[in-house]
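What follows is each chain in one-letter form.
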Amino acid sequence: MNATRVRGASMRRFIAPGALLLLAGALPVLGAGPVAATTAPRAGHSATVPECAGLAGMPIPASAMSLPTTGGRVESASVTTSLIGGESITYCQVDAALFPVDPAAPDIRMRADLPYDWNGKAMMFGGGGFNGTIPDLAENVPFGPTDRPVPLARRYATFASDSGHRQSPAAPPSLDGSFGVNDEALDNFAAGDALKKTRDASLFLIRHAYGTNPSEVYFSGGSTGGREGLVVAQRWPRAFDGVISAFPAWNNLSEGLDLGYLAQVLSRPGAFPGPEKQTLLYGSVIAACDSQDGVEDGVVSNPAGCHFDPRVLRCPDGADTGPGCLSDPQIGAVVAMSSPFRWPYRIASGETDYPGFPFLSGADMRTPFLGFGTTAPADPMPVTSGYGFQYWDQWVKYFLTRDPHHSALDVDPRHPGEWLDRISRLSTVEDRNDADLRPFARAGGRLILLHGAADELVSPLSTSDYYERVRGLLGSKATGAFLRYYVVPGANHANFGTPAFAAAWDSLTALEDWTERGRAPVNPVVSDALHHRTRPLCPYPRWPRYRTGDPDDAAAFVCAP
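Residues numbered from 1 in each chain as written. Predicted model: local features only at pLDDT ≥ 70, side-chain atom pairs only at ≥ 80, totals over all residues. Heavy atoms only, no water.

**Student:** Give a description of the overall build of the chain that names residues and reports values.
**Tutor:** Counting its regular elements, the chain contains 14 helices and 17 strands. Looking at the chain as a whole, 60% of its 561 residues are labelled buried. Here the contacts in the chain between residues at least 6 apart in sequence split such that 70% fall between residues at least 24 apart. Counting only carbon and sulfur atoms, one obtains 55% of the accessible surface of the chain, whose full area is about 20600 Å². Here the chain holds 47 positive side-chain charges and 58 negative ones, and the gap between their average locations is 9 Å. (Helix = DSSP H or I, 4+ residues; strand = E, 2+ residues; numbered from the N terminus. Buried < 20%, exposed > 50% of the residue type's maximum accessible area, 1.4 Å probe, protein only. Contact = heavy atoms within 4.5 Å. Areas by Shrake-Rupley, 256 points an atom, 1.4 Å probe, with all protein chains shown as cover. Lys, Arg positive; Asp, Glu negative; His and termini not counted. Charge placed at Lys NZ, Arg CZ, Asp CG, Glu CD.)

This is the structure in structure tokens:
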């Protein structure tokens, strides 16, 4: 086993006991720096049972966090027993607030669940959309397995935060961007500052609860949470031993510009394809491309080989004559949604385009809530419009113009005029595009990157772009030493609705094996939680091609180049 590639307890076996004491004594405040070496529990503490009562009302000093705050305080700590995955789990639930530097900024609200029979490890969860609520600490990792316990049931200490603001109960879930009028709140969310503050405060609480630090600290998230996973790997390469980043919205501003452009396109008279037309388009793409992988199973396994032309669905003379065809404006909209959007100006992040969405290779516009909606974008933005258009609307009102009455349709991402400087400034905060992950790799970090090939909200082409940048900078060998990237055919955004393939894979065990035991993933298999079948989980850019045998069994497929 190569000790330089294994973090946590495995690496610390090579440190002499005396050095451990020196390391522990050299840390004035536990939690602010890199993952600290595990030490013996303090007198009166159990290494597996949290001292819950002692946490209630505890102040969290500002020095416990490496980024500026005015400290924090535990608001409540209580022993709770919950049924999680059919098993009764007892844990100490700790709610705390981290106080801002700017008195006008909201607190960061955070929670930690500290289990009895602690396994000695910790897991931070990322959020979704604009965040604004604390994630469920009893949830699974994104695209997680249905037949294995969730992290809390594995006795991980789990923690997360609302990223520094609270969602209005009147807004659709994760679609309240009103906090963006405050700079500190915006940085907590978009730059990821709240992630490090929450991580540091949580390790401080874990130390006080168990009398020792976790041997490993992992991060898991999808969508905004996937973006946050890349943020922590980029900005704080020693803060986490391993990261699971799924369908990450890493270039958040760039995607927003594309969604803003598409909002304008789809708001034009007759351009928006309603639910019946969306059904027509999706069914036609599947019919044309499904069998290209060797079996008709409702999944387009090789999206790069699917080149569906929506013009074959054109209504006579291009006029809208009913649900069985697409008008010329609708064809134009579909092409725009599925094509790269390039802006004719420079922004400070260096991004130049967004690659478009895979609606012509297997993605489904009809996904409830996260899809492209049942009604066209408009002003005011309907709650029945697509999730991305509602996100753009909030971004324009509170991040860009900071005017809640400003119409999102009045901002043209092709020609932003007076808003260009602000767009460029925000790009440095929201486009987290640093491909130099060498510090994370040198620290022993491991990264599992996942995306569904049929994602209708965050383009898998964008994640592939980021991966290619990392590989181009570091080289294939160095990249493969710490990063695995998998694209799952037929999987959509977060398994929402009824995807063609509801991805389920035990990425956490794979990450543990890689990080703690030096065993990288080899020939993993992903399950379809809805259709009870399996497929090989092929490393990008390979894809599963049917060979022979039972088409519901991964053994019948081979990863094709």
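Picking up where we left off.
**Student:** Describe the pattern of salt bridges, and please don't skip the residues or the numbers.
**Tutor:** All told, the structure shown has 28 salt bridges when counted by the stated rule. The salt bridge partner of Glu87 is Arg155, with a shortest N-O separation of 3.0 Å. Of the two residues, Glu87 sits in strand β3 (residues 87-98) while Arg155 sits in the loop between β5 (121-125) and β6 (157-161), which places them 68 residues apart along the sequence. Residues joined in a network through salt bridges with shared partners are Lys121, Glu512, Asp513, Glu516, Arg517 and Arg519. (Salt bridge = Lys/Arg side-chain N within 4 Å of Asp/Glu carboxyl O.)

**Student:** I'd like a rundown of the sheet that holds strand β2 (residues 72-84), residues and numbers included.
**Tutor:** With mixed pairing, the 10 strands of this open sheet are ordered in space as β1-β2-β3-β4-β6-β5-β7-β8-β11-β12. In this open sheet, the two edge strands, each paired with only one partner strand, are β1 (59-60) and β12 (483-488). Sitting on the sheet, helix α12 (residues 460-474) touches β11 (446-452) and β12, and the angle it makes with β12 is about 155 degrees. Running over the sheet, helix α14 (residues 507-517) touches β5, β7 (216-222), β8 (242-246), β11 and β12 and is turned about 155 degrees from β11. (Pairing = 2+ DSSP bridges. Axes fitted to C-alpha atoms, helices over the stretch in contact; angles between N-to-C directions.)

**Student:** Mind laying out the sheet that holds strand β15 (residues 533-536), listing which residues take part and the relevant values?
**Tutor:** The strand order β13-β14-β15 describes an open sheet built from three strands, whose pairing is antiparallel. Since the sheet does not close on itself, it has two edges, and those belong to β13 (503-504) and β15, each with one partner. The sheet contact formed by β13 and strand β14 (residues 525-528) spans two bridges and is antiparallel. Bridge assignment links Ala503 to a residue of β14, and that residue is Asp528.

**Student:** A description of the confidence of the model for the chain should follow, citing residues and the corresponding values.
**Tutor:** Within the chain, residue pLDDT values average 93, and 92% of them lie at 70 or more. Segment residues 1-39 is flagged for pLDDT under 50; beyond a separation of four residues in sequence, or across chains, it makes 90 contacts in the model. (pLDDT = per-residue confidence, 0-100.)

**Student:** Provide a residue-level description of the pairing of β12, including the pertinent values.
**Tutor:** Within β12, six of the six residues are buried, leaving the element largely enclosed by the surrounding structure. On β12, burial covers both faces: Leu483, Tyr485 and Val487 on one face and Arg484, Tyr486 and Val488 on the other are all buried. In this structure, β11 lies alongside β12, joined through six bridges in parallel fashion. Across the sheet, residue Leu450 finds its bridge partner in β12, namely Tyr486.

**Student:** Tell me what's going on with unusual backbone geometry, and back it up with residues and numbers.
**Tutor:** A cis amide bond links Asp379 to the next residue, Pro380, at an omega of 0 degrees. One can find Pro380 in the loop between β10 (353-354) and α9 (387-400). Following Tyr540, the chain continues into Pro541 via a peptide bond in cis, with omega recorded as 5 degrees. The backbone of Arg155 sits at a positive phi, close to 70 degrees, despite the residue not being glycine. Here Ser163, not a glycine, exhibits a phi torsion of approximately 65 degrees, which is positive. Ser163 gets classed as buried once you look at its relative accessible area, which sits at 5%.

**Student:** I'd like a rundown of the packing of helix α6 (residues 252-266) against α9, residues and numbers included.
**Tutor:** Two numbers describe how α6 lies on α9: the axes approach to 9 Å, and their chain directions differ by 110 degrees. Put simply, α6 runs roughly perpendicular to α9. Across from Asn252, Leu253, Gly256, Leu257, Leu259, Gly260, Leu262, Ala263 and Leu266 in α6, the residues of α9 making contact are Gly388, Phe389, Tyr391, Trp392 and Trp395. A breakdown of the residues in the contact of α6 with α9 according to their chemical character gives 10 nonpolar, four polar and no charged. (Parallel < 35°, antiparallel > 145°, perpendicular 65-115°, else oblique. Nonpolar A, V, L, I, M, F, W, Y, C, P; charged D, E, K, R; others polar.)

**Student:** Please give an account of the environment of Asp187 that cites residues and values.
**Tutor:** Among the secondary structure elements, Asp187 is positioned in helix α3 (residues 183-191). Along the chain, Asp187 and Val429 lie 242 residues apart, while their C-alpha atoms are 7.2 Å from each other.

**Student:** Talk me through α14; I want residue IDs and the actual numbers.
**Tutor:** The buried count for α14 comes to nine of 11 residues, which makes it a mostly enclosed element. Looking only at α14, the buried set comprises Ser507, Leu508, Ala510, Leu511, Glu512, Asp513, Trp514, Thr515 and Glu516. Just downstream of α14 lies Gly518, where phi reads positive at about 75 degrees.

**Student:** Could you give an account of the state of the cysteines, naming the residues involved and the relevant values?
**Tutor:** This model, assessed by the stated rule, comprises four disulfides. Between Cys52 and Cys92 runs a disulfide, and the two sulfur atoms are separated by 2.1 Å. Judged by the sign of its S-S torsion, about 75 degrees, the bond between Cys52 and Cys92 is right-handed. Within this pair, whereas Cys52 is found in the loop between α2 (17-26) and β1, its partner Cys92 is found in strand β3, the two being separated by 40 residues in sequence. (Disulfide = S-S within 2.5 Å.)

**Student:** Could you give an account of α12, naming the residues involved and the relevant values?
**Tutor:** Since one α-helical turn is 3.6 residues long, residues separated by three or four positions face the same way. With 15 residues, α12 should reach 21 Å at 1.5 Å per residue; the first-to-last C-alpha distance of 21 Å fits that figure. Along α12, the residues that are buried comprise Pro460, Ser462, Thr463, Ser464, Tyr466, Tyr467, Val470 and Leu474. Buried-residue contacts for α12 involve α5 (224-235), β10, α11 (438-442), β11, α13 (476-480) and β12. Its side-chain oxygen 3.1 Å from the backbone nitrogen of Leu461, Ser459 forms the N-cap of α12. (Expected span 1.5 Å × (residues − 1). Polar contact = N/O pair within 3.5 Å; in protein donor to acceptor, adjacent residues only side chain to side chain.)

**Student:** So what's going on with the nonpolar core? Which residues, and what values?
**Tutor:** Ranked by internal contacts, the top residues of the largest apolar core, which has 94 residues, are Phe372, Trp395 and Phe399. When residues in this core are grouped by element, the largest group, nine residues, is from α9. When neighbours within four sequence positions are excluded, Phe372 is seen to be in contact with Leu262, Leu266, Phe272, Met337, Phe357, Phe359, Met365, Ser385, Gly386, Phe389 and Glu456. With 56 residues, the next largest nonpolar core counts Ile206, Val231, Leu474 and Phe482 among its residues. (Core = buried A, V, L, I, M, F, W, Y, C linked by side-chain atoms within 4.5 Å.)

**Student:** How would you summarise the packing of aromatic side chains if you had to cite specific residues and measurements?
**Tutor:** Considering all chains together, one arrives at 28 aromatic pairs under this definition. Note on Phe369 and Tyr387: the rings are 5.2 Å apart at their centroids and 85 degrees apart in plane angle, and the pair reads as edge-to-face. Of this pair, Phe369 sits in the loop between β10 and α9 while Tyr387 is found in helix α9, placing the two residues 18 residues apart along the sequence. A relative accessible area of 5% places Tyr387 in the buried class. Between Tyr546 and Phe557 the ring centres are 5.5 Å apart and the planes differ by 70 degrees, which places this aromatic pair in the edge-to-face class. (Phe/Tyr/Trp six-rings, centres within 6.5 Å; stacked < 30°, edge-to-face > 60°.)

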